[in-house]
Amino acid sequence: WYHKPVINEELLQGLPNLKVVASSGVGIDHLDLKLLSSCGVKVSNTPFIVSTDTADMGMALLLASSRRLVEGHEMAVSPDTEYFPADWLGDEVSGATLGIVGMGTIGYKVAERAKAFEMKILYHNRNQRKKEEESAVGAVYCKKIDDLLQQSDFVLLAVNLTPQTHKLIGKRELELMKPTATLINISRGLVVDQDALVEALQNKVIKAAALDVTYPEPLPRDHPLLKLKNVIITPHIGSATKKTRWIMMEEMAESIQAGLAGLPVPREVL
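Residues numbered from 1 in each chain as written. Predicted model: local features only at pLDDT ≥ 70, side-chain atom pairs only at ≥ 80, totals over all residues. Heavy atoms only, no water.

### Topic: the overall build of the protein
Here comes step 1: Per the secondary structure count, the protein includes ten helices and nine strands.
Here comes step 2: Compactness check: the protein gives a C-alpha radius of gyration of 20 Å against a globular reference of 18 Å for 270 residues, within 12% of the reference.
Here comes step 3: Counting only C-alpha atoms, the protein reaches 65 × 50 × 35 Å along its principal axes.
Here comes step 4: Counting over 270 residues, the protein shows a buried share of 43%.
Here comes step 5: Within the protein, contacts between residues separated by at least 24 positions form 61% of all contacts whose residues are at least 6 apart in sequence.
Here comes step 6: Surface exposure of the protein reaches about 15100 Å², of which carbon and sulfur atoms provide 55%.
Here comes step 7: Where the 30 positive side-chain charges of the protein centre and where its 33 negative ones centre are 4 Å apart. (Helix = DSSP H or I, 4+ residues; strand = E, 2+ residues; numbered from the N terminus. Rg over C-alpha atoms; globule rule 2.2 N^0.38 Å. Buried < 20%, exposed > 50% of the residue type's maximum accessible area, 1.4 Å probe, protein only. Contact = heavy atoms within 4.5 Å. Areas by Shrake-Rupley, 256 points an atom, 1.4 Å probe, with all protein chains shown as cover. Lys, Arg positive; Asp, Glu negative; His and termini not counted. Charge placed at Lys NZ, Arg CZ, Asp CG, Glu CD.)

### Describing helix H3 (residues 51–66)
Residues separated by three or four positions in an α-helix point in the same direction, a consequence of the helix having 3.6 residues per turn.
Here comes step 1: With 16 residues, H3 extends 23 Å from end C-alpha to end C-alpha; this agrees with the ideal 22 Å at 1.5 Å per step.
Here comes step 2: Extensive coverage of H3 is indicated by the burial of twelve of its 16 residues.
Here comes step 3: For H3, the set of buried residues is Ser-51, Asp-53, Thr-54, Ala-55, Met-57, Gly-58, Met-59, Leu-61, Leu-62, Ala-64, Ser-65 and Ser-66. (Expected span 1.5 Å × (residues − 1).)

### Section: empty space enclosed by the protein
Any space left empty among the atoms is revealed by the rolling of a water-sized probe across them.
Here comes step 1: Under the counting rule described, the total for this entry stands at one cavity of 30 Å³ or more.
Here comes step 2: Computed from the structure, the largest cavity encloses a volume of approximately 50 Å³. (1 Å grid on protein atoms, 1.4 Å probe; cavity = no way out; pocket = protein on both sides within 12 Å on 5 of 7 lines; lining within 4 Å. Points joined across faces, edges and corners; volume = space filled by probe spheres on them.)

### So, unusual backbone geometry
Here comes step 1: Geometrically, the link from Tyr-215 to Pro-216 is a cis peptide bond, its omega value of -5 degrees lying close to zero.
Here comes step 2: By the secondary structure assignment, Pro-216 is in the loop between strand S8 (208–211) and strand S9 (231–233).
Here comes step 3: Positioned with a positive phi, Arg-68 is a non-glycine residue whose angle comes to about 55 degrees.
Here comes step 4: If you trace the backbone, Arg-68 turns up in the loop between H3 and helix H4 (69–77).
Here comes step 5: Within the chain, His-236 stands out as a residue other than glycine whose phi angle is a positive 50 degrees.
Here comes step 6: For His-236, the location among the structural elements is in the loop between S9 and helix H10 (242–260).
Here comes step 7: On the basis of relative accessibility, which here comes to 30%, the residue His-236 falls in the partly exposed class.

### Some details on the sheet that holds S9
Here comes step 1: If you trace the seven strands from one edge of the open sheet to the other, you get S5-S4-S3-S6-S7-S8-S9, paired in parallel fashion. One side of each edge strand has no neighbouring strand; the edge strands of this open sheet are strand S5 (139–141) and S9. Strand-to-strand twist in this sheet, taken as the mean axis angle between neighbours without regard to direction, amounts to 15 degrees.
Here comes step 2: Pairing of strand S7 (residues 182–185) with S8 involves four bridges; the strand directions are parallel. What sits directly across from Leu-183, in S8, is Ala-209. (Pairing = 2+ DSSP bridges. Axes fitted to C-alpha atoms, helices over the stretch in contact; angles between N-to-C directions.)

### Side note on the domain arrangement of the protein
Here comes step 1: For the protein, the domain assignment lists domain 1 (9–48 + 240–261) and domain 2 (50–80 + 90–233).
Here comes step 2: Between the C-alpha centres of domain 1 and domain 2 the distance comes to 29 Å.
Here comes step 3: Facing ten residues of domain 1, the contacting portion of domain 2 comprises six residues.
Here comes step 4: Buried area between domain 1 and domain 2, both sides added, is near 680 Å², and the carbon and sulfur share of it is 50%.
Here comes step 5: For the domain 1 face of the interface with domain 2, the top three residues by lost area are Val-26, Asp-29 and Phe-48, together amounting to 57%.
Here comes step 6: The tally of links between domain 1 and domain 2 comes to one salt bridge.
Here comes step 7: A salt bridge links Arg-188 to Asp-29; the shortest N-O distance between them is 3.2 Å.
Here comes step 8: For the interface between domain 1 and domain 2, the tally reads five residue pairs in polar contact (both at pLDDT 80 or more).
Here comes step 9: A per-class count over the side of domain 1 that touches domain 2 returns four nonpolar, five polar and one charged. (Domains from an automatic or database assignment. Buried area = accessible area lost by both parts, 1.4 Å probe. Salt bridge = Lys/Arg side-chain N within 4 Å of Asp/Glu carboxyl O. Polar contact = N/O pair within 3.5 Å; in protein donor to acceptor, adjacent residues only side chain to side chain. Nonpolar A, V, L, I, M, F, W, Y, C, P; charged D, E, K, R; others polar.)

### Looking at the UniProt feature "domain: D-isomer specific 2-hydroxyacid dehydrogenase NAD-binding" (unreviewed entry) in the protein
Here comes step 1: Following the UniProt record, one finds the feature "domain: D-isomer specific 2-hydroxyacid dehydrogenase NAD-binding" (unreviewed entry) at residues 59–238.
Here comes step 2: Annotated as 32% helix and 16% strand, the span residues 59–238 places its first and last C-alpha atoms 11 Å apart. (UniProt positions renumbered as here; feature names shortened; annotations may be inferred.)

Written as structure tokens, this is what we have:
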């Protein structure tokens, strides 16, 4: 569940009868697929069941950050609070521009939710979606990520972690964003250059960040991200609902049973 034990050559040599590795969730960046394949081991994941909950999480982080819910809660319950300041304000979500980086299943579900908030939706993806899919959510394709970053009030990351997306958002990309913009990450921590993000938040290059993922997880307790007021961090809980986690376990067990029986493995990662 937490990528332990690490599946490396040493482990595989000690498991000559291994037939299948079932991984929970979408991401497979922790697995060496070439190594596993060379040992005749099949790999499965659970990519579809997590998309709805993760999209919900993305919108929850967007709303919590824009309306400063964590700070508001702390103020409301603080023993030192005597009154609520009238000039304590958040940002509007309705009518704002959301830029989605990665318009796969999760990204598209985020767009569906954002449409209900009357948001203007931009997206950047390896491939442009079909016109009817764009029209259904009112999304506009940005071939260049720079165009999306410059126009968006909220930038939401929903890409898989690959060599191409490793530190996709760095110092240059953060400086392209509006100083009033918020970065939301529901993909993988390593999609963002974390040191550059800390610097951007400290120097008000961007306004805020809302992160369900970091690197490492959890962060060291003295990490500067944990000390910033303009950051919300949650413990990688995009798919963490009771129903979804139960179905994930069922799907993993189904894949294992099929692999052991020599049958086609459902949701096999090729």
